[in-house]
Amino acid sequence: PAGPLDEARRLLATGQPRKARRLLNDWLDAHFDDEQYYEGEFLLGETYFMQADFWKAVERFQTVAENASGELFERANERCVDVARAFFSGKKRILWKIFRLPAQDDAVEILDRVWERMPGTRLGETALWLKAQYFFRSGQMDLAQDEYANLVTQYPGGRYTQIAMLRSAEAAEASFPGVRFDDRSLLEATERYEQLDAAFPAFATDEQVAARLEGIEELRAAKDLDIARWYQRTDRTDAAIFYYRTLLHDWPHTLAAAEARRALEELGAAEEPSAPTPEGES
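All figures in this text were calculated on a predicted structure; none of them were measured in a lab.

*Asks:* Would you mind going over the pattern of salt bridges with me for this structure?
*Replies:* Side chains carrying opposite charge are able to pair once their charged atoms draw close together. Tallying each qualifying case throughout the model produces 20 salt bridges. Here Glu66 ties to Arg113 by a salt bridge, and the two come within 2.1 Å at their closest N and O atoms. Of the two residues, Glu66 is situated in helix α4 (residues 54–67) and Arg113 in helix α6 (residues 104–117); the sequence distance between them amounts to 47 residues. On the accessibility criterion, Glu66 (44% relative accessible area) is partly exposed. Residue Arg113 is classed as partly exposed on the basis of its relative accessible area, which comes to 28%.

Here is the structure:
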């Protein structure tokens, strides 16, 4: 004859999660020391998952993942990832059966714990990927580039390595706030695009990495041009000339370089500083 857990499975399979929950709660209360206790906890989590109460579901799955082993341990962690996916997709955390709260931050924490329990595994890789994707899609580029970079470090030959390297570079580039600000993020983006090109040249060609690098050069040249113009506006001509010349030296083929040449002509300065006359010559 079927036991209580088998009956709970039957009820879940036939779409009766409420009946399964009542049965499981009674059984768990009376069988705390049973060797199948965490199997019961897992099934209880399934009853909540089936009714979209994902927070209560993941509480059960976390308990199982932290105490069970073998197949049950793996299934519980997989279910934790499923809950995180649901929260990222917009499903809400139910509080006191009344409130519906956004739960994306909870999803990040859930995935962090999955990674801590299963580093180096395929599911751990998925957890890191989902986190990075969430940060990228929600515009949190500083966090996204770090997560993608960590994914590449942890899984250098993994399923997502190429796209993670690309996304890390894109996130760094997108972090640049404008020509009036520090360009460190552009330097990081350049380095990561170059690493991608070195590691996966065919993929880099398909993703037009060379054109992306040219775009970054245009941004960095525009930053130098803005600095030079500021010095010119404030009548600090020598400094303006220095920056115009630096721009021409560092970014000679950019649009900003053409502006720098025109500015130097207006200031009556050559593109290159005159070489000092050797002592004794006239």
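*Asks:* Even after reading the chapter, I still don't get the environment of Leu264, so can you show me in this structure?
*Replies:* Structurally, the position occupied by Leu264 is in helix α14 (residues 255–266). Once the C-alpha coordinates of Leu264 and Arg245 are considered, the two residues, 19 residues apart in sequence, prove to be 8.2 Å apart. Each residue touching Leu264, except ones within four places of it in the same chain, is listed here: Ile241, Tyr244, Arg245, Leu248, Ala269, Ala270 and Glu271.

*Asks:* Is there a simple way to explain the nonpolar core in this structure?
*Replies:* Grouped burial of nonpolar side chains is what soluble globular proteins tend to show. Counting 71 residues, the largest nonpolar core has Val83, Phe87 and Tyr193 as its most contacted members. By size, the runner-up hydrophobic cluster in this structure holds 16 residues, among which are Ala221, Ala228, Tyr244 and Ala260.

Procedures and definitions
- Residues numbered from 1 in each chain as written.
- Predicted model: local features only at pLDDT ≥ 70, side-chain atom pairs only at ≥ 80, totals over all residues.
- Heavy atoms only, no water.
- Salt bridge = Lys/Arg side-chain N within 4 Å of Asp/Glu carboxyl O.
- Helix = DSSP H or I, 4+ residues; strand = E, 2+ residues; numbered from the N terminus.
- Buried < 20%, exposed > 50% of the residue type's maximum accessible area, 1.4 Å probe, protein only.
- Contact = heavy atoms within 4.5 Å.
- Core = buried A, V, L, I, M, F, W, Y, C linked by side-chain atoms within 4.5 Å.

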